[in-house]
Amino acid sequence: MTRSAIIKNMLAFLLVFLGVASRLAVHTPQFTAILAVAMFGGMYLSRRQALIVPVALMIITDAVLGFHDTMVFTWGGMLAISAIGVWLKDHKSFGTVLAGSILSAVVFFIVTNFGAWLSPLYPHTWAGLRECYILAIPFFRSTLASTVAYSMVLYAGYEWACKRSQGTALARLF
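These numbers come from a predicted model, not from an experiment.

Scoring rules and cut-offs
Residues numbered from 1 in each chain as written. Predicted model: local features only at pLDDT ≥ 70, side-chain atom pairs only at ≥ 80, totals over all residues. Heavy atoms only, no water. Phe/Tyr/Trp six-rings, centres within 6.5 Å; stacked < 30°, edge-to-face > 60°. Helix = DSSP H or I, 4+ residues; strand = E, 2+ residues; numbered from the N terminus. Buried < 20%, exposed > 50% of the residue type's maximum accessible area, 1.4 Å probe, protein only. Axes fitted to C-alpha atoms, helices over the stretch in contact; angles between N-to-C directions. Left-handed = near helix turned anticlockwise from the far one by under 90°. Contact = heavy atoms within 4.5 Å. Nonpolar A, V, L, I, M, F, W, Y, C, P; charged D, E, K, R; others polar.

What about the packing of aromatic side chains?
Okay, step 1: Across all of its chains, the model carries 8 aromatic pairs by this definition.
Okay, step 2: Their ring planes at 50° and their centres at 5.5 Å tell us that Phe109 and Tyr133 sit as a pair that is tilted. Taken as a pair, Phe109 in helix H5 (residues 94-118) and Tyr133 in helix H6 (residues 126-164) lie far apart in primary sequence, 24 residues in all. The burial state of Phe109 is the same as that of Tyr133; both residues are buried.
Okay, step 3: An aromatic cluster is present here, built from Phe40, Tyr44 and Tyr158 joined pairwise through their rings.

Here's the deal with the packing of helix H2 (residues 34-44) against H6
Okay, step 1: Relative to each other, H2 and H6 sit at 35°, their axes nearing to 8 Å. Two packed elements cross with a definite hand, and for H2 against H6 that hand is right-handed. Taking contact as the criterion, the partners of Leu35, Ala36, Val37, Met39, Phe40, Met43 and Tyr44 in H2 are, on H6, Thr143, Thr147, Tyr150, Ser151, Leu154, Tyr155, Tyr158 and Glu159.
Okay, step 2: Of the residues belonging to the contact of H2 with H6, the class tally is 11 nonpolar, 3 polar and 1 charged.

Printed below as a string of structure tokens:
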């Protein structure tokens with residue numbers, strides 16, 4: 001295994017750890033790093049790792065918090081966010097990462113609440129769908145704020161560390 005592959009594996013492990021810790025620690029409802037981790041993984045990990053990291057994160061945390069009927073939608077939303085990150089890989093800038101984090105929160109909101117609407121909690125009518133999305137708006141605020149905040153910190157921190165390490169042994173690993 002090459003040094004670069006070892007570093008990428010370490011980064012993948014650290015991202016899973018960050019996501020698990022942020023989801024399991026006491027936090028403001030829906031204010032976690034999980035969506036930012038999925039997008040960041042897509043931007044900096046291999047495609048394979050970009051798919052494994054969010055699924056591993058969700059398996060671990062759902063095993064602790066409890067598996068649920070809408071897991072397919074939650075995990076699918078995470079994979080869609082990883083795909084946003086993969087697209088961003090070749091388009092990274094402050095603006096695109098900010099837009100990607102907003103889009104990630106919106107995609108997750110749409111996908112997961114559609115799954116909630118399909119559950120027995122809501123009537124399967126247009127009114128029931130509307131009610132489901134309206135009742136989820138307060139949670140979306142925290143999801144959006146956390147995704148943007150964590151995304152910007154991860155992106156800026158990683159890019160800063162890479163620039164800071166140029167010419168050092170760390171830089172040669174990438």
